[in-house]
Amino acid sequence: DLALGAENSPEIQGALRKISVEGLDVRPMGINVIEPMGEIYARSDYGSFRLKKIPFVFFSSGQPWTYHKPEDDVDPLNFTKMDKGLHVVRQVVVALASMEARPTYVKQQGLSLDDLKAVADTVRRVLEHPEDLDLTDAELAGLKSTVAQLDEIVKGGAVGPEHAQFLQKTGVALMTFASRR
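Described below are features of the structure shown in this document. (Residues numbered from 1 in each chain as written. Predicted model: local features only at pLDDT ≥ 70, side-chain atom pairs only at ≥ 80, totals over all residues. Heavy atoms only, no water.)

**Quick word on the packing of aromatic side chains**
Counting across every chain of the model gives two aromatic pairs. Ring centres 5.1 Å apart and planes at 15 degrees place the aromatic pair Y46 and F56 in the stacked group. Taken together, the positions of Y46 in helix 2 (residues 46-51) and F56 in the loop between helix 2 and strand 3 (58-60) put the pair 10 residues apart, joining distant regions of the chain. Judged by relative accessible area, Y46 falls into the buried class, the value being 4%. The buried category is assigned to F56, whose relative accessible area is 5%. Residues Y46 and F58 carry aromatic rings whose centres are separated by 5.3 Å and whose planes lie at 50 degrees to one another, so their mutual orientation is tilted. Linking Y46 in helix 2 with F58 in strand 3, this pair joins segments that are 12 residues apart in sequence. Aromatic rings pair up to connect Y46, F56 and F58 into one cluster. (Phe/Tyr/Trp six-rings, centres within 6.5 Å; stacked < 30°, edge-to-face > 60°. Helix = DSSP H or I, 4+ residues; strand = E, 2+ residues; numbered from the N terminus. Buried < 20%, exposed > 50% of the residue type's maximum accessible area, 1.4 Å probe, protein only.)

**Description of unusual backbone geometry**
One non-glycine residue, K53, adopts positive backbone phi at about 55 degrees. For K53, the position within the fold is in the loop between helix 2 and strand 3.

**Points about helix 3 (residues 79-97)**
For helix 3, with 19 residues, the first-to-last C-alpha span of 26 Å sits near the 27 Å given by 1.5 Å per residue. Along helix 3, the residues that are buried comprise K81, V88 and V92. Projected down its long axis, helix 3 shows its buried positions confined to an angular sector of 35 degrees, all on one face. Opposite the packed face of helix 3, turned more than 90 degrees from it, sit the exposed residues F79, T80, L86, R90 and A97. (Expected span 1.5 Å × (residues − 1). Arc of directions from axis to C-beta.)

**Digging into the sheet that holds strand 3**
A sheet is described by the order of its strands in space; here three strands give the open sequence 2-1-3, paired in mixed fashion. Strand pairing shows two members of the sheet lacking a second neighbour, strand 2 (27-29) and strand 3, which therefore form its edges. In this sheet, neighbouring strand axes are inclined to one another by 25 degrees on average, regardless of whether the strands run parallel or antiparallel. In the sheet, strand 1 (residues 2-4) pairs with strand 3 via three bridges, with the strands oriented antiparallel. Looking across to strand 3, one finds that L2 is bridged to S60. (Pairing = 2+ DSSP bridges. Axes fitted to C-alpha atoms, helices over the stretch in contact; angles between N-to-C directions.)

**With respect to the side chain of T146**
The residue T146 is located in helix 5 (residues 137-156) in this model. Its relative accessible area of 11% is what places T146 among the buried residues. Beyond its immediate stretch of four places on either side in the chain, T146 contacts F166 and T170. (Contact = heavy atoms within 4.5 Å.)

**Some details on the packing of helix 4 (residues 113-128) against helix 5**
At their nearest, the axes of helix 4 and helix 5 sit 9 Å apart, and the two run at 150 degrees to each other. As far as their axial angle goes, helix 5 and helix 4 are roughly antiparallel. Crossing geometry of helix 4 relative to helix 5 is assigned as left-handed. Counted together, L113, L116, K117, V119, A120, V123, R124, V126 and L127 of helix 4 and L140, L143, K144, V147, L150, D151, I153 and V154 of helix 5 form the full contact between these two elements. Its residues assigned to classes, the contact of helix 4 with helix 5 shows 13 nonpolar, no polar and four charged. (Parallel < 35°, antiparallel > 145°, perpendicular 65-115°, else oblique. Left-handed = near helix turned anticlockwise from the far one by under 90°. Nonpolar A, V, L, I, M, F, W, Y, C, P; charged D, E, K, R; others polar.)

**Some points on helix 5**
Because an α-helix packs 3.6 residues into every turn, residues spaced three or four apart end up facing the same way. In this model, helix 5 (20 residues) spans 29 Å end to end at C-alpha, consistent with the 28 Å of a helix rising 1.5 Å per residue. E139, L140, L143, T146, V147, L150 and I153 are the residues of helix 5 that are buried. Axial view of helix 5: buried residues confined to an arc of 140 degrees, hence all on one face. Pointing more than 90 degrees away from the buried face of helix 5 are the exposed residues D137, A138, K144, K155 and G156.

Rendered as structure tokens:
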């Protein structure tokens, strides 16, 4: 499960690092990982907060291909996972509400090496248990190639603008795969 956008608030990052819910692995990543058009296009309501420089975190357990389409239905929802996600959100809200001061907004530019490492780690976890997501052979081959490319970028020591589109496509693909659980 993903927690995106916390890179713009040290306090939200700190709260996320303390989160622990059995059976749920929360992966903080930069919001730019899922925004192919950058700040021009927000994938959810957080865009309004970002425009006003209000700290935010966008939680997601994935986005199925049926999202906002006539085929979108309740059947594929994983209510057990949703309940665990609720515990994550609750822990973050309680941690932030208990702070003496409001979280600050500190704009981070672009994609970071930490984002890339988090995406690579997530792809590796998917590859460890492909049966959980019912991946096709073609999807598995693509993910193996992707993790090799991500590892090469990590070896280079920096994420450049030339890597952004690849990293964002990978982030969006992970959201699609994650929705299968």
